[in-house]
Amino acid sequence: MSFFTRLLMLAIAAGALLAGIQIPNFVDQYGKRLDAHYIEVQTNLKPFQDIANQFHGGSIEALISKHRQSDDLTFHAEGTAIEKMVRRLQHFEREKREMQAPLPQQVAFLVARADPDLVEETRANYSFGLMLDRTAVLAGIACMLAVVVVLELFAWLVRSLTRPDPLPFP
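Residues numbered from 1 in each chain as written. Predicted model: local features only at pLDDT ≥ 70, side-chain atom pairs only at ≥ 80, totals over all residues. Heavy atoms only, no water.

Draft legend 1. Broad picture of the pattern of salt bridges. Summed over all chains, the structure comprises eight salt bridges. Note that Glu83 is salt-bridged to Arg68, the shortest N-O span being 2.5 Å. In this pair, Glu83 sits in helix H3 (residues 73-98) while Arg68 sits in helix H2 (residues 60-68), placing the two residues 15 residues apart along the sequence. The class for Glu83 is partly exposed, based on a relative accessible area of 22%. The partner of Glu83 in a salt bridge is Arg87, and the shortest N-O contact between them spans 3.4 Å. (Salt bridge = Lys/Arg side-chain N within 4 Å of Asp/Glu carboxyl O. Helix = DSSP H or I, 4+ residues; strand = E, 2+ residues; numbered from the N terminus. Buried < 20%, exposed > 50% of the residue type's maximum accessible area, 1.4 Å probe, protein only.)

Draft legend 2. H3, seen in detail. Between the first and last C-alpha of H3 there are 38 Å, a value that for 26 residues agrees with the 38 Å anticipated at 1.5 Å per step. Within H3, the full set of buried residues consists of Gly79, Ile82, Met85, Val86, Leu89, Phe92 and Glu95. Taken together, the buried residues of H3 touch helix H1 (3-55), H2, helix H4 (103-112) and helix H5 (116-124). For H3, the N-terminal capping position is held by Asp72, with its side-chain oxygen 2.9 Å away from the main-chain nitrogen of Thr74. (Expected span 1.5 Å × (residues − 1). Contact = heavy atoms within 4.5 Å. Polar contact = N/O pair within 3.5 Å; in protein donor to acceptor, adjacent residues only side chain to side chain.)

Draft legend 3. Structural detail: a nonpolar patch on the surface. Together, Leu18, Leu130, Leu132, Val137, Ile141 and Leu145 make up an exposed nonpolar region whose accessible area comes to about 550 Å². Residue contributions to the nonpolar patch peak at three residues, all from helix H6 (residues 134-162). (Patch = residues over 30% accessible without salt bridge, like charges linked within 9 Å, V, L, I, M, F, W, Y side chains within 5 Å. Areas by Shrake-Rupley, 256 points an atom, 1.4 Å probe, with all protein chains shown as cover.)

Draft legend 4. Structural detail: the environment of Lys32. You can see Lys32 is positioned in helix H1. Of the residues examined, Lys32 reaches a relative accessible area of 53% and is grouped as exposed. Considered as a pair, Lys32 and Phe55 are 23 residues apart in the sequence and their alpha carbons are 34 Å apart.

Draft legend 5. Spatial organisation of the nonpolar core. Core analysis: the biggest nonpolar cluster contains 22 residues, and Tyr30, Leu45, Ile60, Ile82, Met99 and Leu110 have the highest contact counts within it. Among the secondary structure elements, those contributing two or more residues to this core are H1, H2, H3 and H4. Here this core gets seven residues from one element, more than from any other, and that element is H1. Once you skip the residues sitting within four places of it in the chain, Tyr30 turns out to touch Glu95, Met99, Phe109, Leu110, Ala114, Asp115, Leu118, Val119 and Thr122. (Core = buried A, V, L, I, M, F, W, Y, C linked by side-chain atoms within 4.5 Å.)

Draft legend 6. Seen up close, H2. Of the residues making up H2, those classed as buried are Ile60, Leu63, Ile64 and His67. Projected onto a plane normal to the axis of H2, the buried residues spread over an arc of 100 degrees and lie on a single side. Residues of H2 that are buried make contact with H1 and H3. (Arc of directions from axis to C-beta.)

See the structure below:
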């Protein structure tokens, strides 16, 4: 392997390490953003829950139904707004349960099923940081190793296809 190839590989590995260290930080920032939205929806829904407690035995669904059955279009529209807040709160509760898992499951959740608007909001407002705890270091090393292994496999494949007599994997 030439000097420049080794240098490039080291630079890529260092970049992957630094990127991997950011994974727990991104997950943490997503979780904090999720908590903030959850608290906001809870706060906005509280007066309606108080009304439901007072007049409908605590059932927010009964309050929504009462609004929906009204002939007054304004009151009817309020029912739709309350229902949207309740659904949003339930959505954030599910997200918060998913975020109680270990880091690998949290990352898988963020990649596959997390609220896309919240992920984009986190990405847009992301602040880089070096949290050098054990989780961040392990995530960085795992990311670096994954990138290096993929690059080595790619290099081996290119070498084996360009040589007249392919050699077995090193």
